[in-house]
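Letter by letter, the chains look like this.
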Amino acid sequence: MKIKNLVFPMLLLFFFFFNVNAQDNKGHDEVFLIVENMPKYPGGEEALRKDIAEAVKYPEEAKKNKISGKVFVSFVINKEGKVENPKIERGVDSLLDKEALRVIKLLKTWTPGTQRGIKVKVQFTLPINFALD
């Protein structure tokens, strides 16, 4: 009887610790929108805008067809500060959309975001404006 009384609480403890561990592992891959310390681009927002502006090459065919507008690109800054999973959230034209993705993939390594002192993934959405003179 005593052994039976000990086995049940031991099983409960085992399942409790197993569940807590599973939740911790799951939470570490979560992608956040806002964290205590947001990722930082080297040189700040001004440098980010400058790097994007310098990298953009307006597609000739888009110029010829007078295609312009704002392309919204979302991406994740991972725990190492690298851009991952860039995708078009709101596009204008496939020519401009492809160029926006190319430029986002060229961004430098960021300082990763942190939540409670732990590096985490953080999602961003940036507009890239394609304007003809």
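Structure: above.
In short, a report on the structure. Model, not experiment: these values are computed from the prediction.

## Digging into the overall build of the protein chain
- Along its length, the protein chain carries 4 helices and 5 strands.
- Reading the protein chain from its N terminus to its C terminus gives the helix and strand order α-β-α-α-β-β-α-β-β.
- In the protein chain, once contacts between residues fewer than 6 apart in sequence are set aside, the share between residues at least 24 apart is 76%.
- Accessible surface, the protein chain: about 9,500 Å² in total, of which carbon and sulfur atoms supply 57%.

## Some points on the pairing of strand S5 (residues 118-130)
- For strand S1 (residues 31-32) and S5, the ladder comprises 2 bridges, and the chain directions are parallel. Note on S5: the bridge partner recorded for Phe32 is Val122.
- Across 9 bridges, the pairing between strand S2 (residues 69-77) and S5 is antiparallel. Counted as the bridge partner of Ile77 is Val122 from S5.

## Thoughts on the packing of aromatic side chains
- Scanning the model with the defined rule gives 5 aromatic pairs in all.
- Here the aromatic rings of Trp110 and Phe124 are separated by 5.1 Å at their centres, their planes lie at 45°, and the arrangement is tilted. Separated by 14 residues along the polypeptide, Trp110 in the loop between helix H4 (94-105) and strand S4 (113-115) and Phe124 in strand S5 bring together distant segments of the chain. Neither residue differs from the other here; Trp110 and Phe124 are each classed as buried.
- An aromatic cluster of three or more residues is present, and its members are Tyr41, Phe75, Trp110 and Phe124.

## Remarks on the side chain of Asn78
- Along the polypeptide, Asn78 turns up in the loop between S2 and strand S3 (83-90).
- Taking relative accessible area as the criterion, Asn78 reaches 9% and is therefore assigned buried.
- From its side chain, Asn78 meets the backbone nitrogen of Glu80 in a polar contact 2.9 Å long.
- Here the side chain of Asn78 touches Lys82 through a polar contact of 2.9 Å, landing on its backbone nitrogen.

## Some thoughts on the nonpolar core
- Within the largest apolar cluster, 26 residues are counted, with the highest numbers of intra-cluster contacts made by Phe75, Leu107 and Trp110.
- Per-element tally for this core: the top contributor is S5, with 6 residues.
- When residues no more than four places from it in sequence are discounted, the contact partners of Trp110 are Pro39, Lys40, Tyr41, Pro42, Leu48, Phe75, Ile77, Glu80, Gly81, Val83 and Phe124.

## Observations regarding unusual backbone geometry
- Even without a glycine there, the phi angle at Lys66 is positive, about 55°.
- Position of Lys66 relative to the elements: it lies in the loop between helix H3 (60-64) and S2.

## A word on the side chain of Gln115
- Within the secondary structure, Gln115 is located in strand S4.
- Residues within four places of Gln115 in sequence aside, it is in contact with Phe32, Ile34, Val35, Glu36 and Val120.

## Focus on H4
- Taking 1.5 Å of rise per residue, 12 residues should cover 16 Å, and H4 covers 17 Å from first to last C-alpha, within 8% of that figure.
- Those residues of H4 not exposed but buried are Leu96, Asp97, Glu99, Ala100, Val103 and Ile104. Axial view of H4: buried residues confined to an arc of 165°, hence all on one face. Residues Lys98 and Lys105 are exposed on H4 and point more than 90 degrees away from its buried face.
- Buried-residue contacts for H4 involve helix H2 (44-55), H3, S2, S3 and S5.
- Among the residues of H4, the N-terminal cap falls to Asp93, whose side-chain oxygen and the backbone nitrogen of Leu95 are separated by 2.9 Å.

Thresholds, definitions, all that
All chains use their own residue numbering, which begins from 1 and follows the written sequence. Since the coordinates come from a predicted model, pLDDT governs what is reported: local features require at least 70, and pairs of side-chain atoms require 80 or more to be given and counted, while whole-chain, interface and lining totals use all residues. Hydrogens are left out, water is left out, and the side-chain values use all remaining heavy atoms of the structure. Numbering of helices and strands starts at the N terminus; helices are DSSP runs of H or I of at least 4 residues and strands are runs of E of at least 2. In what follows, a contact means two residues having at least one pair of non-hydrogen atoms within 4.5 Å. Shrake-Rupley sampling with a 1.4 Å probe provides the accessible areas, and residues are treated as covered by the protein chains on show and by no other component. Any two strands are treated as partners once DSSP identifies two or more bridges connecting them. Here is the rule: rings of Phe, Tyr and Trp (six-membered ring for Trp) pair when centre to centre is within 6.5 Å. Planes less than 30 degrees apart are stacked, more than 60 are edge-to-face, and the remainder are tilted. Note on classification: 1.4 Å probe, protein chains only; a residue is buried when its accessible area is under 20% of the maximum for its type, exposed when over 50%, partly exposed between these limits. We define a polar contact as two N or O atoms separated by no more than 3.5 Å, with the added condition that, inside protein, one atom must be a possible hydrogen donor and the other a possible acceptor, whereas residues neighbouring each other in sequence contribute only through side-chain atom pairs. Nine residue types can take part in a nonpolar core, namely buried Ala, Val, Leu, Ile, Met, Phe, Trp, Tyr and Cys, and a core is a set of them joined through side-chain atoms within 4.5 Å. Here a helix's expected span is defined as the number of its residues, less one, multiplied by 1.5 Å. Picture the helix axis, draw a direction to every C-beta atom, and the arc is the one those directions span.

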